[in-house]
Amino acid sequence: MQNSLEIVPGIGLGPYRIGMPVAEVLLQISPRDSANSALVTSRCISYHDIGRCIHVNVDIRIGLCFQIVARAGFSGKTSQGIQLNMKSSEALRLDDSLYLDEFYGTLESKNFPGYYLELDDPDPLPGNFEHLSIVGIGVANASFSQELEIKDLANIEEANELRKRMFEYYLRAKDPTY
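Definitions and cut-offs
- Residues numbered from 1 in each chain as written.
- Predicted model: local features only at pLDDT ≥ 70, side-chain atom pairs only at ≥ 80, totals over all residues.
- Heavy atoms only, no water.
- Helix = DSSP H or I, 4+ residues; strand = E, 2+ residues; numbered from the N terminus.
- Rg over C-alpha atoms; globule rule 2.2 N^0.38 Å.
- Buried < 20%, exposed > 50% of the residue type's maximum accessible area, 1.4 Å probe, protein only.
- Contact = heavy atoms within 4.5 Å.
- Areas by Shrake-Rupley, 256 points an atom, 1.4 Å probe, with all protein chains shown as cover.
- Pairing = 2+ DSSP bridges.
- Phe/Tyr/Trp six-rings, centres within 6.5 Å; stacked < 30°, edge-to-face > 60°.

J.: Looking at this model, I keep getting lost on the overall build of the protein chain. Mind explaining?
T.: A tally of regular secondary structure across the protein chain gives 5 helices and 11 strands. Relative to a compact globule of 178 residues, whose C-alpha radius of gyration would be 16 Å, the protein chain shows 16 Å and is just as compact. Principal axes of the C-alpha set define a box for the protein chain whose edges measure 45 × 35 × 35 Å. Out of the 178 residues belonging to the protein chain, those deemed buried represent 46%. Within the protein chain, counting contacts between residues at least 6 apart in sequence, those at least 24 apart form 49% of the total. As displayed, the protein chain offers around 9,300 Å² of accessible surface, 53% of which is attributable to carbon and sulfur atoms.

This is the structure we're talking about:
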């Protein structure tokens, strides 16, 4: 049975945190589950924590977690009470700041930046998504995600600078006195 796992927008989900080194990600996943990884893109490997129903995406160029997504079987909720399998219309009642990001096809919150909701249609039509169900709850830091998407990080100094900032972000999330 899965314990309810805390979702902290822009910071983390359960034991996973944005900026967490891949070695620490692997320590959280049981050895049996660690074989369940997949290269999603040439820049990203996704580790599936089967027991917690969480996918942890790591940028292979810098070895740090940049995105965490809860999927089918996850029993946690956002602080507003939004959970998987809920209809978008119900989520909109709980967080009226949700809007459709037409590029990513996800619902994003203006009041709680750093988390997003994946819908059961990956390309929903604007104004016609209230009937869709939530199939994923993701946590990311928009600033880091944008940098990772734009930069190729071929320059070692640029990669190390981003890695340092993301790792410090992780350390502050792990220990606010850092």
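Once the structure has been displayed, the description carries forward.
J.: Explain the pairing of strand S8 (residues 98–101) here, please?
T.: The two faces of the sheet receive side chains in turn, since in a regular strand these alternate between them. Taken together, the 4 bridges between S8 and strand S9 (residues 106–109) define a ladder with antiparallel strand orientation. Bridge assignment links Tyr99 to a residue of S9, and that residue is Glu108. A loop of 4 residues connects S8 with S9, the two strands running antiparallel in sequence, and Gly105 in this loop sits at a positive phi of about 70 degrees.

J.: Would you take a moment to explain the packing of aromatic side chains for this structure?
T.: The relative placement of two aromatic rings is captured by the distance of their centres and the angle of their planes. The final tally for this structure, using the stated rule, is 3 aromatic pairs. Plain terms: the ring middles of Phe144 and Tyr169 are 5.2 Å apart, the flat faces sit at 85 degrees to each other, and that makes the pair edge-to-face. In this pair, Phe144 sits in helix H4 (residues 142–150) while Tyr169 sits in helix H5 (residues 156–174), placing the two residues 25 residues apart along the sequence. The same class applies to Phe144 as to Tyr169, namely buried. Arranged with centres 5.8 Å apart and planes meeting at 40 degrees, the rings of Phe167 and Tyr170 form a pair that is tilted. Of this pair, Phe167 and Tyr170 are both found in helix H5, 3 residues apart, which corresponds to roughly one turn of the helix.

J.: Sorry, what's going on with the sheet that holds strand S2 (residues 12–13) here?
T.: Sheets are built from strands paired through backbone hydrogen bonds, the pairs being either parallel or antiparallel. Strand order in the open sheet formed by 3 strands is S1-S2-S3, and the pairing between neighbours is antiparallel. For this open sheet the edge positions go to strand S1 (7–8) and strand S3 (16–17), each flanked by a neighbour on one side alone. Sheet topology note: the S2/S3 ladder contains 2 bridges and is antiparallel. Paired with Leu13 across the strands is Tyr16, a residue of S3.

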